[in-house]
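Report on the structure
So the chains spell out like this:
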Amino acid sequence: MNIPQSDYPRIVIVGGGFAGIALAKKLKNKPVQVVLLDKHNYHTFQPLLYQVATGGLEAGSIAYPIRKVVHEYKNFYFRLCHVNEINTKSNKVIADIGELQYDYLVIATGSKTNYFGNKEIERNSIAMKTIPQSLNIRSLILENFEQALLTDDEHERNALINFVLVGGGPTGVELAGALAEMKNAILQKDYPDLDISKMQINLIQSGDRILNTMSEKSSAAAEKYLKNLGVNVLKNIRVTSYDGRTISTNTGVNLETATLIWTAGVQGAIVNGLPASSLMEKVERIKVNEYNQVLGFPNIFAIGDIAMMATEEFPQGHPMVAQPALQQGKLLGENIIRFIQKQEMKPFHYNDKGSMATIGRNKAVVDLPNYHFHGVFAWFVWMFVHLFSLIGFKNKAVVFLNWLYNYIRFDREGRLIVRPYKKKSFTSFTFDEI
């Protein structure tokens, strides 16, 4: 990988997500050599992917170059690559661009979409975990409407403008709300020769309430907002199959749709090389102790979504969201220096600052440790938190101006098909490489 030798211990970080970037910032100009590896040369602000998918923002406004984050850091190197494996015996990272020896390894590879082993759904649906996937969704939505204009078959037309989202977590709820606002304010202007009233947005949740990680009050408020926007909220239903045209469920309810967007779950994005004993089955997360050390490997750490730290409060690990990742990354930046200097490390304690979700214009729900509220004020809180969590002043400014324009004009000008997402038929899709 053409990394120079150094007298400093080498820390290799795999992954430039929330956890990896937080760690990198804490290691700025420390007496170590840091090598950050990622398959993208940018950091993605994932909470706003749904706005890229629905034309509210352009992709560049929620992405930030990793090299720009670290370009003033001493003894810091970035390499664009895909890590294939780690060799724990020889302390090597094996990637598609070569091998690299490490003294300390930090795995911060994040998470990926979990299809729970259903290959048919994985093959025929579309996920939203990356910027390319969000752009695919945006293109697919618009292409569906263009195709609906060309068909005389009413059944086919209805399937093209019927959108089904599986998963009632924040991603599914926010995407459903954004689609509903497009239907109510934008698509009827863009497609006056289509009966947009026949467009359906169905949100399927396997449990008895959406946003089930939030308070019941917030869950009920979010469901009310969605229904008022025209979203069909289907609860206690589990999708069992999807052939590209028909969704089958465990209740016998079948839906005809050309578009199934899967937001029902995530699992760790594992790097090969760790023994099975270090992994938590089904969710593919790496077992770590209270210092984020991988069990059995004192010089290997895991942070963020990929890390499963079992505690009394979180026996199945911390939530796979940004806050635990940021907090673990920051603390490990201190702890890994302590560990190198043979000092006692600090155990990780998650400070739950709350959770929130937006359902649309002037509609959001916020759960803080001691307060739960929803409505316009919650919407402003959501915007403030997300705006100031973005990396880079330009991104903050661009997103703010976009939100201001969209609010005043009730418009989403990013509805462009810049990378076509072609489908051969309802049962055969051509997927872009992501």
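We now turn to the structure provided with this report.

Rules behind the numbers
In this convention, every chain numbers its residues from 1, walking through the sequence in written order. Per-residue local features are limited, in this predicted model, to residues with pLDDT of at least 70; the limit for side-chain atom pairs, both in listing and counting, is 80 or more; totals at the level of whole chains, interfaces and linings are taken over all residues. Hydrogens and water are ignored here; the side-chain numbers use all heavy atoms of the structure. For the purposes of this entry, the term helix denotes a DSSP run of H or I that reaches at least four residues, the term strand denotes a run of E that reaches at least two, and both are numbered from the N terminus. Throughout, the radius of gyration refers to the C-alpha atoms, and the reference size of a globule is 2.2 Å times the residue count to the power 0.38. Think of it in three bands: residues with accessible area under 20% of the maximum for their type are buried, residues over 50% are exposed, and the middle band is partly exposed, with areas taken using a 1.4 Å probe on protein chains only. Working rule for contacts: check all heavy atoms of both residues, and any pair within 4.5 Å makes them a contact. Under the convention used here, a 1.4 Å probe and the Shrake-Rupley method define accessible areas, while residue burial counts only the protein chains that appear. Neither His nor the chain termini are counted; the positive set is Lys and Arg, and the negative set is Asp and Glu. Note on charges: their place is set at NZ of Lys, CZ of Arg, CG of Asp or CD of Glu. At least two bridges found by DSSP between two strands is the condition for calling them paired. For helices, the fitted axis covers only the stretch in contact; all axes are lines through C-alpha atoms, and the angles between them, taken along N-to-C directions, range from 0 to 180 degrees. Ring geometry is summarised as follows: Phe, Tyr and Trp rings, the Trp one being its six-membered ring, pair when their centres sit within 6.5 Å, and such pairs are stacked at plane angles under 30 degrees, edge-to-face over 60 and tilted between the two. Geometrically, a charge over a ring is one whose NZ (Lys) or CZ (Arg) sits within 6 Å of the ring centre while staying within 35 degrees of the ring normal. Put simply, a salt bridge is a Lys or Arg side-chain nitrogen that is within 4 Å of an Asp or Glu carboxyl oxygen.

If you tally the helices and strands in the chain, you get 11 helices and 29 strands. For a compact globule of 434 residues, the expected C-alpha radius of gyration is about 22 Å, and the chain comes in at 22 Å, within 12% of that figure. Its C-alpha atoms give the chain principal-axis dimensions of about 70 × 45 × 40 Å. Taking all 434 residues of the chain together, 54% fall into the buried category. Within the chain, residue pairs in contact and separated by at least 24 positions form 64% of the contacts whose partners lie at least 6 positions apart. When the accessible surface of the chain is totalled, it reaches about 19800 Å², and 51% of it is carbon and sulfur. Here the chain contributes 47 positive and 40 negative side-chain charges, whose respective centroids are spaced 6 Å apart.

This brings us to the sheet that holds strand S26 (residues 363-367). Spatial ordering of the open sheet is given by S25-S26-S27, a layout of three strands whose pairing is antiparallel. Single-partner strands in this sheet number two, and they are strand S25 (355-360) and strand S27 (372-374). Averaged over all pairs of adjacent strands, the angle between strand axes in this sheet comes to 5 degrees, irrespective of strand direction. Sitting on the sheet, helix H10 (residues 376-389) is in contact with S25, S26 and S27, with an inclination near 115 degrees to S25.

Attention now goes to the packing of aromatic side chains. Inspection of every chain in the model, using the stated rule, returns 13 aromatic pairs. Consider the rings of Tyr104 and Phe339, whose centres lie 6.0 Å apart with planes at 85 degrees: the pair is edge-to-face. Taken together, the positions of Tyr104 in strand S9 (residues 104-107) and Phe339 in helix H9 (residues 322-340) put the pair 235 residues apart, joining distant regions of the chain. Taking the relative accessible area as the measure of exposure, Tyr104 reaches 15% and is therefore buried. Aromatic side chains Phe145 and Tyr191 sit 5.3 Å apart centroid to centroid with 25 degrees between the ring planes, which places their arrangement in the stacked category. Here the residue Phe145 occupies a position in helix H5 (residues 131-150), and Tyr191 occupies one in the loop between helix H7 (170-190) and strand S13 (200-205), the gap between them amounting to 46 residues. By the burial criterion, Phe145 is buried, and Tyr191 matches it. Taken together, the ring pairs connect Tyr104, Phe301 and Phe339 into an aromatic cluster. Looking at Arg361, its charged tip hangs above the ring of Tyr407, at a distance of 4.0 Å from the centre.

Considering all chains together, one arrives at 12 salt bridges under this definition. Glu223 is the salt-bridge partner of Lys235, the closest N and O atoms lying 3.1 Å from each other. A residue pair is termed long-range when its members are at least 10 positions apart, and Lys235 in strand S14 (residues 232-235) and Glu223 in helix H8 (residues 216-229) qualify at 12 residues. Lys235 sits in the partly exposed class, given a relative accessible area of 29%. Taking the shortest distance from any N to any O, the salt bridge between Glu334 and Lys346 comes out at 3.6 Å. Of this pair, Glu334 sits in helix H9 while Lys346 is found in the loop between H9 and S25, placing the two residues 12 residues apart along the sequence. Accessibility expressed as a relative area gives 32% for Glu334, which makes it partly exposed. Residues joined by salt bridges that share partners form a network here, namely Lys26, Glu334 and Lys346.

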